[in-house]
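Fold and contact review
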Amino acid sequence: MALIQCPAGQPASVPALLHRNAEKFGDAPAYREKEYGIWQSWTWRETRDEVEALALGFMELGLNEGDFVSVIGRNRPRLYWAMMAAEMCGAVPVPLYQDANSEEMAYVMSHCGARFAVVGDQEQVDKITDVKDQLPEFERMIYLDPRGLRKYDHEHLSQYMALQEIGRANRDKHIAELEARQAKLNYDSTGVMLYTSGTTGKPKGVVLSNRNIIETAKSSSEFDNLRQSDDILAYLPMAWVGDFIFSVGQAMWTGFCTNCPESADTMHVDLREIGPTYYFAPPRVFETQLTNVMIRMEDASKFKKKLFDYFMGVARKVGPAILDGKDVSGMDRLKYRLGELFIYGPLKNTLGFSRVRVGYTAGEAIGPEIFDFYRSLGINLKQLYGQTEATVFITAQPDGQVRSDTVGVTCPGVELRIADNGEVFYRSPGVFVEYYKNAESTADTKDAEGWVATGDAGFIEPDTGHLRIIDRAKDVGKMASGALFAPKYVENKLKFFPNILEAVVFGNGKEECTAFINIDLTAVGNWAERNNIGYASYQELARHPQVMQQVQEHVEAVNASVAEDEMLSGCQVHRFVVLHKELDADDGELTRTRKVRRRIIEEKYADIIAALYDGSAQVSTETEVTYEDGRKGSIKATLEVRSAKVFADNRKMAAE
Amino acid sequence: MKDNAESYVTTDGRTIGPVVMEMKNITLRFGGVEAIKDISFDIREGEIRAIIGPNGAGKSSMLNVISGFYVPQEGEVWYKGSRRPPVKPYEVAQQGIARTFQNIALFEGMSVLDNVMTGRLTHMKSGLLSQMIWRGAAEREEIANREVAERIIDFLEIQAIRKTPVARLPYGLKKRVELARALAAEPSILLLDEPMAGMNVEEKEDMSRFILDVNDEFGTTIALIEHDMGVVMDLSDRVVVMDYGKKIGDGTPHEVRNNQAVIDAYLGVAHD
């Protein structure tokens, strides 16, 4: 693969972009954060000064080129700055998931040998302190929020702002060296290291160069016409590649403003106040918002409800077409206009989507109803497909070609190839440098020509060129009958029902498919409340006969829909249980990005799976659970195993 | 027990100052009922002082004596070095004593923010006219007070409910809002009447953390009544134990826990 040369004059590193923005957009807002009830903002020039002060402070602490600096906390401007300051010093920032437990942190921090950590608050300080003995290279923590830390031994602790003051005071001593280090940064130097959440095995450190970051940011910004005046809301985990590219990569490239919410709980209020023009959310967030809207409409007055239903009908009919710029009759246009005035406009305003010009969802498949709901309101919601190793972007949907069942066409500069077994391979300027200290995995994933295996099975639609993803390649298997087994395909269909939060389908190498179901406590709980059904816990609600009946209906509806697909009709769910506990990342059943870890679930619930296949009507089980603070307990339960109606397709019907 | 005048440092590194409030031989009667019988104890600056006892032991009455709401028939209350005469509730607030209530006493129809702002009342000096015209001093004062309120909202992590009417909040959060309102007065002594009553384990842990943080961050002296023995033992520096209006124990959690009278009265006598 030919090396892409850094064009003359174009900034070749993240710090260089920061300097450019400070010169070019000096007084434009770069970061905002709501604190003490007010949006505080920093211009690009102020941002550069803050970052530089911290970098000088790092120098005073003795941060060397090539060192690793962990950054842990919720999205806050100062933590983003910490990443940039580390880059300025020639060090590598390693953002971590803030809800990671001590052991997970210990693994990552000892793997990269981090010397410093910039953390948000006491919680993170405590977690690192717990595992400090396992981290021989670790030296010092820099914390942001001093609360609760007054009594702590400050031998290995510094306060963020205090360190910046130290940096400013020692400016003369270090500035020459700091500038020299920045001058050395080029397209090949490491910009960031991100640990993959790891659906299997230990997390791997994905090394991304400045080339990866800047080239991807540039091409994707151009793809969607991002502007300097855009606003985004940064609320997704900082350790996730998407947030890094949106809030650092693209923000730096185009110079738009990154807004940080006041706290995780205030996200929806802050979203509304900021009204981002460029917005990203996983399907789950859109689902939750839609559920909330529907719940509130149930409580609205009859007239309002009628109005809502009528105009939503109009929107469903013509909204997506209008958004795509297709032909729509004058009458429909007029009705849609009225709808915009009475319903869509106010609704979008309440949701915080009034100004969204480009919206993306990715990470999981999104339900067609949910997707269409937002698009029919006139929100330009699109899908993209990507992964950490690609610096996010592999495919994305261009304006005007948006559908819920594909993930779009290749992004600029990306090449795609489908292997014989259906696995998707890509090659692009965003392809990662390596897995840190793991040459073996690097070689497994990336071949000599730069092609990277995604691990996903899919195909390219011949007439449109859109990529469709079926499932994880390693999860796609064969049933005993030889039929294709694609669990995720079925799970997604199940999860499109608001009542079902999570589903795990089994059946590889078996005669028939079975499933675990998690109900959605919010949606089902609300239904229970409206129907005067009392319940004390998730467990109790999950085994309520009416709930079981509803789930059964959903499973059968999915079976009917799966039966229509010739290739996958074997994947119908014959028997299922509604689990007695929610699958949880703290128990290792999901990744931190909430993807199902099949192997672990299969081992942990082997007794229930056995019951699904041996025909028993119920199964007693005991499960160990881990609470948020790390303590362990156990849940005992007797689960009802239900059989669902399956629909044989016409060819098989004769046989049965 | 340490000498009255001096300050000392606790094992976990906090400085406990000299005595700031002293109860001397307090007796409180309601008609013929003696709610409090000849009780003396003191509260030191910067400490967390717990008052515990079984139901009806006179804990809340004691707190009401401290807050000046009840005037004891006998005995003296000494505050900051001088004897305190009978006082009006607003005078107590002005003297830097704030409290929360066992049965939450918030303005249900008002937002959380407005409730917290009422805690700033003693800090508002501008006149009625100036408040009405909303110029100059009144406006500046409001901004300054709002800032204090916002810092407390941030401190207690209730940003998400800032604009929510209190009536719509669950119990645990109401308790937290009440704490916020008391803190907004920037008290030197904070009285908490069963801050954790009716809470689940998680809420109790949160509240404990907030109480410790308040003490740590603002240096506020805290006197609290609590039923949950585990919580009391973890939180407090010194504990007064009451039973049937009498003081039956006083000392560090460790001393109190090993006091036979306390074990018998509070934890129950073993029947064997």
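Residues numbered from 1 in each chain as written. Chains lettered and ligands numbered in written order. Predicted model: local features only at pLDDT ≥ 70, side-chain atom pairs only at ≥ 80, totals over all residues.

Moving on to the overall build of chain A. A tally of helices and strands in chain A yields 22 helices and 29 strands. By the compact-globule yardstick of 26 Å for 656 residues, chain A fits well, its C-alpha radius of gyration being 26 Å. With the C-alpha coordinates of chain A rotated into their principal frame, the extents come out at 85 × 65 × 55 Å. For chain A, with 656 residues in total, the buried portion stands at 47%. When contacts within chain A are restricted to residue pairs at least 6 apart in sequence, those whose partners lie at least 24 apart make up 65%. (Helix = DSSP H or I, 4+ residues; strand = E, 2+ residues; numbered from the N terminus. Rg over C-alpha atoms; globule rule 2.2 N^0.38 Å. Buried ≥ 20, exposed ≤ 12 C-beta atoms within 10 Å, placed from the backbone. Contact = placed C-beta atoms within 7 Å.)

Let us now look at the domain arrangement of chain A. Residue and element names in this part refer to chain A. Along its sequence, chain A is carved into domain 1 (14–209), domain 2 (283–472) and domain 3 (477–653). Of all the secondary structure elements, the ones that give two or more residues to the side of domain 2 that touches domain 3 are helix 11 (283–298) and strand 21 (467–472). With three residues, strand 21 is the single largest residue contributor to the side of domain 2 that touches domain 3. (Domains from an automatic or database assignment.)

All names here are of chain A. Overall, antiparallel pairing links the three strands, which are arranged 8-9-19 in an open sheet. Each edge of the open sheet carries a strand with a single partner, namely strand 8 (190–195) and strand 19 (434–435). Relative to strand 9 (residues 205–209), strand 8 runs antiparallel, the two being bridged by five bridges. From the neighbouring strand, Met193 faces strand 9, where its bridge partner is Val207. The sheet contacts of helix 8 (residues 210–223) involve strand 8 and strand 9, and relative to strand 9 the element is tilted by about 70°. (Pairing = 2+ DSSP bridges. Axes fitted to C-alpha atoms, helices over the stretch in contact; angles between N-to-C directions.)

All right, on to the interface of chain B and chain A then. Note: interface size is frequently given as the accessible area lost on complex formation between the parts. If you look at the interface, chain B gives 14 residues, while chain A gives eleven residues. When contributions to the side of chain B that touches chain A are tallied by element, the ones reaching two or more residues are helix 5 (137–155) and helix 7 (201–218) of chain B. Ranked by residues supplied to the side of chain B that touches chain A, first place goes to helix 5 of chain B with four residues. In terms of residue class, the side of chain B that touches chain A is made up of one nonpolar, two polar and eleven charged. (Nonpolar A, V, L, I, M, F, W, Y, C, P; charged D, E, K, R; others polar.)

Residues and elements named next belong to chain A. With six bridges joining them, strand 1 (residues 29–35) and strand 2 (residues 38–43) adopt antiparallel strand pairing. Within strand 2, the position partnered with Glu33 by the bridge is Gln40. Here strand 1 hands over to strand 2 after two residues, with Tyr36 in that stretch at a positive phi of 50°.

Next up on the list: the nonpolar core. A general trend in soluble globular proteins is that nonpolar side chains are found buried together. A:Ala55, A:Ala85, A:Cys89 and A:Met193 are the most contacted members of the largest nonpolar core, which totals 136 residues. Among the elements that line this core, the one with the most residues is helix 3 (residues 77–88) of chain A, at nine residues. When we break this core down by domain, the ones giving at least three residues each are domain 1 (14–209) and domain 2 (283–472) of chain A. In contact with A:Cys89, not counting residues within four places along its chain, are A:Ala55, A:Phe58, A:Met59, A:Leu63, A:Leu178 and A:Arg181. The next biggest cluster of nonpolar side chains, apart from the first, holds 63 residues, and it includes B:Met62, B:Ile161, B:Leu224 and B:Val231. (Core = buried A, V, L, I, M, F, W, Y, C linked by C-beta atoms within 7 Å.)

A few words on the sheet that holds strand 5 (residues 48–52) of chain B. Residues and elements named next belong to chain B. Pairing in this open sheet of six strands is mixed, and the strands run 8-9-10-5-11-12 from one edge to the other. Edge positions in the sheet fall to strand 8 (97–100) and strand 12 (246–251), since each has one partner strand and no second. Along the sheet, successive strands turn relative to each other by an average axial angle of 15°, direction set aside. Against the sheet, helix 6 (residues 171–184) engages strand 8 and strand 9 (189–193), with an angle of about 175° to strand 8.

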